[in-house]
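Summary of structural features
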Amino acid sequence: MSIERIAVLGGGAWGTALAQACAHAGRSVTLWEHEPGNAESLLKKRESRFLPGVKIDDRIAVTTDLTNAAKAQAILMVVPAQVLRSVTKALAPMLAKATPVIVCAKGIEHGTQKFMTEIVAECAPDAIPAILSGPSFAADVARGMPTAVTLAAKDAKIAAELSLAIGSTTFRPYHATDVRGVEIGGAMKNVLAIAAGIAAGQGLGASASAALITRGFGEIVRFGKAYGAKTETMMGLSGLGDLILTASSPQSRNFSFGQALGKGVPIAQASGGKLAEGAFTAPVLLEMAAARNIDMPIHSAIAAVLSGKSSVDDAIKSLLARPFGVEE
């Protein structure tokens, strides 16, 4: 299957960056945006309000018409995790049978506890669900800086074809079939990035940050095994790779959110108006961990802080007061 026409749904920073990457790969790209103000900026200024200073490629057609976008041979869904269902439902009747829908959101749906590709499969049963995730900042990808990610679909041939369609010398999607592993790594690293930000904001030092990330990664592996992910996926780009990036840089919205919390900024103001997906993911992860008796003390501590059940200081004390034990 030769994929030449790609649509990107969502004209925020990440959607714009992925549209740029697909254009640089030589594809015909349609970028769909729902928000009126940003749509106008994309159409008139050829620039996303969420990625200022980056002029979008002339080969990218901008549209506010979902019907137009649905004509593509493959769809990249670059909308927040908690609105994926509504956008997929709107898109589904317009899609040709067996159109790949690649989710680029990192999270788990509230209430249903469903992973992103499960939502696509439920709302667009004739589509082919796939997932793209990995260590990547939108600004880097949009400007053509070297970036490697993972693209997973259950069918290895389709995963390889999709990777080839959107890949270039600077944007390198490695293909895989462990869809669940890629989804779990992308969702869970956001919560740990908040934890790492809190540690930085508190001035706990590099040693504490290293311990926090390492022990937190152990929680990702345990959760992943319980929900059918492969350990090697957790060790790859979409797991450990993404965690290293987002848990170590203020460019990460989740890290900067946590850093603000660590400095004493109230939760309502800590995000600075930007989406920190980890804040939505944390309580869902705890529900799912409890259902399968998975021990996740770091994720639990962050969820307690975000829900207002614990202060940052008390959460840190609770982690430091845990009994000594065998490393696992």
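Read on for an overview of the structure. (Residues numbered from 1 in each chain as written. Predicted model: local features only at pLDDT ≥ 70, side-chain atom pairs only at ≥ 80, totals over all residues. Heavy atoms only, no water.)

Details of the overall build of the chain
When helices and strands are counted, the chain shows 16 helices and eight strands. Dimensions of the chain, computed from C-alpha atoms along their principal axes, come out at roughly 55 × 40 × 35 Å. Carbon and sulfur atoms make up 57% of the accessible area of the chain, which totals about 14,200 Å². Computed over 31 positive and 27 negative side-chain charges, the inter-centroid distance for the chain is 2 Å. (Helix = DSSP H or I, 4+ residues; strand = E, 2+ residues; numbered from the N terminus. Areas by Shrake-Rupley, 256 points an atom, 1.4 Å probe, with all protein chains shown as cover. Lys, Arg positive; Asp, Glu negative; His and termini not counted. Charge placed at Lys NZ, Arg CZ, Asp CG, Glu CD.)

Some details on empty space enclosed by the protein
Evaluation of the coordinates by the stated rule reveals two cavities of 30 Å³ or more. For the lining of the largest cavity, the secondary structure elements donating two or more residues are β6 (128-133) and α8 (179-202). Reported here for the second largest cavity is a volume of approximately 40 Å³. For the second largest cavity, the full set of lining residues is A21, H24, V141, G144, M145, S168, T170 and F171. Counted by class, the lining of the second largest cavity contains four nonpolar, four polar and no charged residues. (1 Å grid on protein atoms, 1.4 Å probe; cavity = no way out; pocket = protein on both sides within 12 Å on 5 of 7 lines; lining within 4 Å. Points joined across faces, edges and corners; volume = space filled by probe spheres on them. Nonpolar A, V, L, I, M, F, W, Y, C, P; charged D, E, K, R; others polar.)

Focus on the sheet that holds strand β1 (residues 5-9)
Think of a sheet as strands paired side by side through backbone hydrogen bonds, with each pair either parallel or antiparallel. Read across the open sheet, the eight strands follow the order β3-β2-β1-β4-β5-β6-β7-β8; overall the sheet is mixed. In the strand order of this sheet, the two ends are held by β3 (60-63) and β8 (171-176), each with one partner. Averaged over neighbouring strand pairs, the angle between their axes works out to 25 degrees when direction is ignored. When strand β7 (residues 147-152) meets β8, the two strands line up parallel, connected through six bridges. Directly across from A152, in β8, lies its bridge partner A176. Here helix α5 (residues 116-123) sits on the sheet and contacts β5 (100-103) and β6; the angle it forms with β6, its principal contact strand, is near 155 degrees. Packed onto the sheet, helix α11 (residues 237-246) meets β6, β7 and β8 and runs at close to 145 degrees relative to β7. (Pairing = 2+ DSSP bridges. Axes fitted to C-alpha atoms, helices over the stretch in contact; angles between N-to-C directions. Contact = heavy atoms within 4.5 Å.)

Notes on the packing of aromatic side chains
Here the distance between the centres and the angle between the planes together describe a pair of aromatic rings. Evaluation of the coordinates by the stated rule reveals two aromatic pairs. Measuring from centroid to centroid gives 6.4 Å for F115 and Y227, while their planes differ by 70 degrees, and the two rings are edge-to-face. Highlighted residues: F115 in the loop between β5 and α5 and Y227 in the loop between α9 (206-226) and α10 (231-234), separated in sequence by 112 residues. Each member of the pair, F115 together with Y227, is buried. Seen from their ring centres, F223 and Y227 are 4.7 Å apart, and the 25 degrees between their planes marks the pair as stacked. (Phe/Tyr/Trp six-rings, centres within 6.5 Å; stacked < 30°, edge-to-face > 60°. Buried < 20%, exposed > 50% of the residue type's maximum accessible area, 1.4 Å probe, protein only.)

Side note on the layout of surface pockets
Each pocket or cavity is described by its volume, and for the largest pocket that value is around 1,300 Å³. Of all the secondary structure elements, the ones that give two or more residues to the lining of the largest pocket are α1 (13-24), α6 (138-142), α8 and α12 (253-262). Per-class residue counts for the lining of the largest pocket are 20 nonpolar, 15 polar and eight charged.

A closer look at the pattern of salt bridges
Within this structure, the stated rule accounts for 14 salt bridges. Its salt-bridge partner being R59, residue D57 comes within 2.9 Å of it at the nearest N-O pair. With relative accessibility at 46%, the residue R59 sits in the partly exposed group. D242 is the partner of K189 in a salt bridge, and the nearest nitrogen-oxygen pair spans 3.9 Å. Taken as a pair, K189 in helix α8 and D242 in helix α11 lie far apart in primary sequence, 53 residues in all. An identical accessibility class is assigned to K189 and D242; each is buried. (Salt bridge = Lys/Arg side-chain N within 4 Å of Asp/Glu carboxyl O.)

Looking at the nonpolar core
Residues I184 and F223 are the most contacted members of the largest nonpolar core, which totals 44 residues. Those elements that provide at least two residues to this core are α8, α9, α12, α14 (277-291), α15 (297-307) and α16 (312-320). Top contributing element to this core by residue count: α8, with 10 residues. Core analysis: the second largest hydrophobic core is formed by 37 residues, L42, V54, V62 and I166 among them. (Core = buried A, V, L, I, M, F, W, Y, C linked by side-chain atoms within 4.5 Å.)

Quick word on helix α4 (residues 84-91)
Every buried residue belonging to α4 is among L84, R85, V87, T88 and L91, and all of these are buried. When α4 is viewed along its axis, its buried side chains cluster within an angular range of 165 degrees and face the same direction. Buried residues belonging to α4 abut β1, α3 (66-69), β4 (74-77), β5 and α5. (Arc of directions from axis to C-beta.)

What to know about α5
It helps to recall that an α-helix has 3.6 residues per turn; residues three or four apart then point in one direction. Restricting attention to buried positions, one finds in α5 the residues M116, T117, I119, V120 and C123. One face of α5 carries all of its buried residues, which in axial projection span an arc of 155 degrees. Along its buried surface, α5 packs onto α4, β5, β6 and α8.

Describing the side chain of N254
The topology assignment puts N254 in helix α12. The residues touching N254, leaving out its near neighbours within four places in the chain, are N190, A193, I194, A276, E277, G278 and A279.

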